[in-house]
Amino acid sequence: MPLPDPALVVLVGASGSGKSTWASRHYRAAEIVSSDQLRGVVGSGEHDLDASTDAFALLEQVVAARLGRRLTTVVDTLGTDAPRRRRWLAAARGAGLPGVAVVLDTPAGVCRSRNAARDRPVPARALERQLASVAATTDLLAGEGWDAVLVLTPDDLPTYLPTAGPR
Ligand code: CTP
Ligand code: MG
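Please read all numbers here as calculations on a predicted model, not as lab measurements.

Okay, the sheet that holds strand 2 (residues 32-34) next. Within the open sheet, the five strands sit side by side as 2-3-1-4-5. Their pairing is parallel. The open sheet is flanked by strand 2 and strand 5 (148-152), the only strands paired with a single partner. Between one strand and the next, the sheet's axes are offset by a mean angle of 20°, whatever the strand orientation. As paired elements, strand 1 (residues 8-12) and strand 4 (residues 99-104) share five bridges and run parallel to each other. Pairing of valine 9 across the sheet is with valine 100, part of strand 4. With respect to the sheet, helix 1 (residues 19-26) is in contact with strand 1, strand 2, strand 3 (73-76), strand 4 and strand 5, its orientation differing from that of strand 1 by roughly 150°.

Turning our eyes to something else, we now look at the pairing of strand 1. Among the five residues that make up strand 1, five are buried, leaving the element largely enclosed by the rest of the structure. Side chains Leu8, Val10 and Val12 of strand 1 all project onto a buried face; the interleaved residues Val9 and Leu11 project onto the opposite face, where all are buried too. Pairing of strand 1 with strand 3, which is carried by three bridges, proceeds in the parallel orientation. Paired with leucine 8 across the two strands is threonine 73, which belongs to strand 3.

To continue, consider the side chain of serine 15. Here serine 15 is to be found in the loop between strand 1 and helix 1. Filtering out sequence-adjacent residues up to four positions away, serine 15 remains in contact with Leu78, Cys111, Asn115, Arg118, Val122, Leu127 and Gln130.

Moving on, we get to the site of ligand 1. Taken together, the neighbourhood of ligand 1 is formed by 15 residues, with Ser15, Lys19, Thr21, Arg118 and Pro158 sitting nearest. The contact in question runs from a nitrogen atom of ligand 1 to an N or O atom on the side chain of arginine 114, over 3.1 Å. Across the complex, the protein chains shield 81% of the 610 Å² of accessible surface that ligand 1 would expose by itself. It is helix 1 that provides the largest number of residues to the shell around ligand 1, a total of three residues. Class assignment of the residues belonging to the shell around ligand 1 gives a composition of four nonpolar, seven polar and four charged.

A few words now on helix 2 (residues 35-42). Those residues of helix 2 that sit buried are Ser35, Leu38 and Arg39. Angularly, the buried residues of helix 2 cover 110° about the axis, an arc narrow enough to put them on a single face. Where helix 2 is buried, its residues touch strand 2, helix 3 (52-68) and strand 3. Looking at where helix 2 begins, the residue whose side-chain oxygen comes 3.3 Å from the main-chain nitrogen of aspartate 36 is serine 34.

Parameters and conventions
Residues numbered from 1 in each chain as written. Chains lettered and ligands numbered in written order. Predicted model: local features only at pLDDT ≥ 70, side-chain atom pairs only at ≥ 80, totals over all residues. Heavy atoms only, no water. Pairing = 2+ DSSP bridges. Helix = DSSP H or I, 4+ residues; strand = E, 2+ residues; numbered from the N terminus. Axes fitted to C-alpha atoms, helices over the stretch in contact; angles between N-to-C directions. Contact = heavy atoms within 4.5 Å. Buried < 20%, exposed > 50% of the residue type's maximum accessible area, 1.4 Å probe, protein only. Near = heavy atom within 4 Å. Polar contact = N/O pair within 3.5 Å; in protein donor to acceptor, adjacent residues only side chain to side chain. Areas by Shrake-Rupley, 256 points an atom, 1.4 Å probe, with all protein chains shown as cover. Nonpolar A, V, L, I, M, F, W, Y, C, P; charged D, E, K, R; others polar. Arc of directions from axis to C-beta.

And the structure:
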């Protein structure tokens, strides 16, 4: 699945769907702009939700600056905010870059069990809201004018979790 490069790549997926893992396997660290990482830069850590406003302001600045230089930019957020997606795609178009949406279409049960296994799980109800808004977003993407919408299912993704052995 060759993606255009340089390009804007917007990830869409619930917590635990594998966005950051996929990004780090396909792109250099400097090409990935992550809201979690920026929370760690301007807040007490990646999970410091109080730092979200500052982190997203910074994210917008980094995305605009990179796209303005026609540099590949992978936006690692939930990807469910339609106005933000529209703004990023417009910025890419303004710079003459293609825009691609990449949906991590990981089954809800897998996201839930990965989330439960994490040190700092997202509260269960928040994860359910994320899963619902990712599903709604997936339906919207086709009408948003992306150059490509890539929907990655478990068949497209290696699994890094240890599998349960036979009993
Ligand atoms: N993981 C996995 N197999 C994959 C992708 C991810 O086993 N194909 C595991 C990772 O090792 C990690 C967890 O699932 O422990 C969550 O993956 P991550 O890429 O961090 O998910 P994100 O979508 O980035 O989650 P968040 O929104 O919370 O950052
Ligand atoms: Mg992540």
